[in-house]
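# Fold and geometry: a report
These are the residues of each chain, in order.
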Amino acid sequence: MQFGLLAIFMGTVSGAGAMGIFGKKEDGEIDRNAFPFKLSQAEWEAKLDKMQYHVLRKAGTERAFSSPLYNEHRQGVFHCAGCDQALFSSEHKFDSGTGWPSFWQPISKEAVGEDVDHKLGYARTETHCSNCGGHLGHIFQDGPQPTGLRYCINGVALIFQPTV
Ligand SMILES: [Zn+2]
């Protein structure tokens, strides 16, 4: 009985928390369909390959060292694989040793959004494209100066356009 009451109490608390946050679904994840660039689920599945869909639309993570963009050192701009918005510049890319393309800041503050997720049982800051809501990766506090941030990004979420 006590456990039942506790569950009800906790359900009420988390429910109230979720309701107070704009654009959040009941499970606490952001609503990736509530962004300016919208496609139907069928259109997303047709546009993206399986791994891109898993990462961008389902907040999945690619295997470390699986992206050719991890070792991309040319000058250029990294665009969103979902909607083509410019997200990161080669000027802010660094070798983090983690196996995921890493940047110390996005190309502009407006290009990416942030949210807190609890997928691994503790709070992490996730980052997503501000135009289509596509999940990109996570932000950690162990990056290089001047920001001290590490945007740890899935390479499949990005399309690189080298400067010619
Ligand atoms: Zn996008």
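Everything quoted here is computed from the prediction, not taken from an experiment.

What follows deals with the nonpolar core. One broad trend across soluble globular proteins is that nonpolar side chains are buried collectively. Cys80, Ala81, Leu87, Cys129, Ile153 and Ala157 are the most contacted members of the largest nonpolar core, which has 24 residues in total. If you list the elements that add at least two residues to this core, you get helix H3 (50-56), strand S1 (76-80), strand S2 (86-89), strand S7 (135-140) and strand S8 (150-153). In this structure, Ala81 is in contact with Leu48, Gln52, Leu56, Val156, Ala157, Leu158 and Ile159, ignoring residues within four places of it in sequence.

Our next topic: the sheet that holds S1. Overall, antiparallel pairing links the three strands, which are arranged S2-S1-S9 in an open sheet. Two strands lie at the open edges of the sheet, namely S2 and strand S9 (158-162), each paired on one side alone. Going across the sheet, the axis of each strand differs from the next one's by a mean of 30°, ignoring polarity. Inspection of the sheet shows S1 paired to S9 by five bridges, in the antiparallel sense. Bridge pairing in S9 places Gly76 opposite Pro162.

This brings us to the pairing of S8. Of the two faces of S8, both are covered, the one formed by Arg150 and Cys152 as well as the one formed by Tyr151 and Ile153. Both strand S4 (residues 102-103) and S8 contribute to a ladder of two bridges, which runs antiparallel. Residue pairing across strands places Phe103 opposite Tyr151, the latter belonging to S8. Relative to S8, S7 runs antiparallel, the two sharing four bridges. Opposite Ile139, over in S8, you have Tyr151 as the bridge partner.

Looking at the protein chain, the pLDDT average stands at 88 and 83% of residues meet or exceed 70. Note that residues 1-21 has pLDDT below 50 and, in this model, three contacts with residues that lie over four places away or in other chains.

Looking now at the environment of Tyr70. Structurally, the position occupied by Tyr70 is in the loop between H3 and S1. Take Tyr70: there are 19 C-beta atoms within 10 Å of it, and that puts it in the partly exposed class.

Scoring rules and cut-offs
Residues numbered from 1 in each chain as written. Predicted model: local features only at pLDDT ≥ 70, side-chain atom pairs only at ≥ 80, totals over all residues. Core = buried A, V, L, I, M, F, W, Y, C linked by C-beta atoms within 7 Å. Buried ≥ 20, exposed ≤ 12 C-beta atoms within 10 Å, placed from the backbone. Helix = DSSP H or I, 4+ residues; strand = E, 2+ residues; numbered from the N terminus. Contact = placed C-beta atoms within 7 Å. Pairing = 2+ DSSP bridges. Axes fitted to C-alpha atoms, helices over the stretch in contact; angles between N-to-C directions. pLDDT = per-residue confidence, 0-100.

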